[in-house]
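# Chain and residue survey
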Amino acid sequence: AAWRDLVYAFSEFPFVAAEDRSVLIAAILTALQRRLLASAPLFGFTAPAQRTGKSLLAECVAIIAIGLPAPAMAVSGEREEMRKAVAATLREGHAIVNLDNIEHPLGSPDLSRAITQPEYADRMLGQTRNFRLPTNVLWTATGNNLAFRGDLAVRTLLSRLDSRIERPEERHFQIADLKRYVSEHRRKLVAAAITILRAFVIAGRPDQKVSRWGGFDEWSATIRAPLVWLGMADPCATRQHVIEDDPDREQAAAILSAWHGTMGDKPVRIAEVIERADLDAGLRSALLSVAAAKNDAGHPDPRRLAWWCRQWRGRIVTGFQLDRGSDYGDRASWIVKACAVSAVST
């Protein structure tokens, strides 16, 4: 009954799949429990078109949890600006922060650190003194065709909406003003969410045999497991979509596939790879996506490619793994090996 109360308000949203609705309910439960959790994933809401309701969902999550929409944080493509914004936001002590209307693939080592670590350490602007801040904040994000890159891609759950009409803003709903409805029924919705969490505890926290998600074990046991126990789809089923849409991973998959197709399973030096790329348009195009020379965009830069190889060393991407081979004098060689691929590669 509590579950029905909680999902009714959002029953008219065009979720792509059952797990996308589960992400929304997980975000609500997480918002209520976030101060008690050591870490929690970022929750994204996305759609292919504007006015589908993604920002409305993020606002309703905050209204249920704290009574008003969450403050919006500006998102910059510059790492240093993003670092300053994360530190400033944590210093303000908000319970929920929304990254609204993101227009580019979001990647930030500092935001990734703030999501998974119990404390965030940084240096005060203009000073040599460091500070440490608690990170028990719920981060949400909205945008059209949201994409996450790097470490953020494996720290995010994504709720996808798709109205499948050209002008989604012209739709009519039984609940015409959802924010007002959520505000007026907030006590009932909070009680429903807490009832779900409490019922799972009273039932003895039965093992749901969900796959492990490193870094979010407490969250999985506290938030994810009760939803699966209720019979909802596992919200972590959306992780595959986030990881596959990571542009960094897409580039790596293209490079490793082209590299292996051209070089096979033998160790080669960076210079040899670039030399072969001059004769292989597919390999050259893949290499240029990450290692184009600054003074010649049509030719790979050996140093940039070597740095990229070190960055991706040991990671399995779509069935390929890059590793160090033997050394030739001062220059290392690299090898791309075919290997088994899991359902969700991190």
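The rules we used
Residues numbered from 1 in each chain as written. Predicted model: local features only at pLDDT ≥ 70, side-chain atom pairs only at ≥ 80, totals over all residues. Heavy atoms only, no water. Helix = DSSP H or I, 4+ residues; strand = E, 2+ residues; numbered from the N terminus. Rg over C-alpha atoms; globule rule 2.2 N^0.38 Å. Buried < 20%, exposed > 50% of the residue type's maximum accessible area, 1.4 Å probe, protein only. Contact = heavy atoms within 4.5 Å. Areas by Shrake-Rupley, 256 points an atom, 1.4 Å probe, with all protein chains shown as cover. Lys, Arg positive; Asp, Glu negative; His and termini not counted. Charge placed at Lys NZ, Arg CZ, Asp CG, Glu CD. Core = buried A, V, L, I, M, F, W, Y, C linked by side-chain atoms within 4.5 Å. Axes fitted to C-alpha atoms, helices over the stretch in contact; angles between N-to-C directions. Parallel < 35°, antiparallel > 145°, perpendicular 65-115°, else oblique. Left-handed = near helix turned anticlockwise from the far one by under 90°. Nonpolar A, V, L, I, M, F, W, Y, C, P; charged D, E, K, R; others polar. Pairing = 2+ DSSP bridges. Disulfide = S-S within 2.5 Å. Salt bridge = Lys/Arg side-chain N within 4 Å of Asp/Glu carboxyl O.

For the protein chain, the helix and strand inventory stands at 13 helices and twelve strands. In terms of overall size, the protein chain behaves like a compact globule, its C-alpha atoms giving a radius of gyration of 23 Å where 346 residues would be expected to give roughly 20 Å. Taken along the three principal axes of its C-alpha coordinates, the protein chain extends 70 × 50 × 45 Å. In the protein chain, which comprises 346 residues, the proportion classed as buried is 47%. Considering only contacts in the protein chain between residues 6 or more positions apart, those separated by 24 or more positions represent 72%. Per element, the accessible surface of the protein chain, about 17,100 Å² overall, is 47% carbon and sulfur. Between the mean site of the 45 positive side-chain charges and the mean site of the 40 negative ones, the protein chain shows a separation of 5 Å.

To continue, consider the nonpolar core. Ranked by internal contacts, the top residues of the largest apolar core, which has 76 residues, are F10, L111, W139, F148 and W219. Discounting chain neighbours no more than four positions away, the residues touching W219 are A26, T30, L37, S39, A40, P41, F43, L157, W213, R224, P235 and C236.

In contact at an axis separation of 10 Å, helix α11 (residues 270-277) and helix α13 (residues 302-312) are set at 115° when each is read in the N-to-C sense. It follows that α11 is roughly perpendicular to α13 by the angle criterion. Crossing angle aside, the handedness with which α11 passes α13 is right-handed. When α11 is examined against α13, the residues I270, V273 and I274 are found in contact with a partner set consisting of P302, L305, A306 and C309. Its residues assigned to classes, the contact of α11 with α13 shows seven nonpolar, no polar and no charged.

As a further point, take the sheet that holds strand β5 (residues 138-144). Overall, parallel pairing links the four strands, which are arranged β2-β5-β1-β6 in an open sheet. Of all the strands in the sheet, the pair left with one neighbour each is β2 (96-99) and β6 (156-160). Neighbour-to-neighbour, the strand axes of this sheet turn through a mean angle of 20°, independent of strand direction. Inspection of the sheet shows strand β1 (residues 42-47) paired to β6 by five bridges, in the parallel sense.

For the rest of this paragraph, the subject is the state of the cysteines. With the rule as written, the count across this model stands at zero disulfides. The thiol sulfur of C309 is not disulfide-bonded, and the nearest other cysteine sulfur, from C339, lies at 16 Å. Looking at C309, the relative accessible area reads 0%, which means it is buried.

For the coordinates displayed, the defined rule picks out 19 salt bridges. The salt bridge involving R132 is made with E119; its shortest N-O contact spans 2.9 Å. Placement of R132 in strand β4 (residues 130-134) and of E119 in strand β3 (residues 119-123) is noted, with a sequence separation of 13 residues between them. Of the residues examined, R132 reaches a relative accessible area of 58% and is grouped as exposed. With relative accessibility at 40%, the residue E119 sits in the partly exposed group. The salt bridge involving D323 is made with K337; its shortest N-O contact spans 3.8 Å. You can see D323 sitting in strand β11 (residues 320-328) and its partner K337 sitting in strand β12 (residues 331-338), a full 14 residues away along the chain. The exposure class of D323 is partly exposed, given its relative accessible area of 22%. Taking the relative accessible area as the measure of exposure, K337 reaches 32% and is therefore partly exposed. Shared partners join several salt bridges into a network, and the residues in it are E19, D20 and R160.

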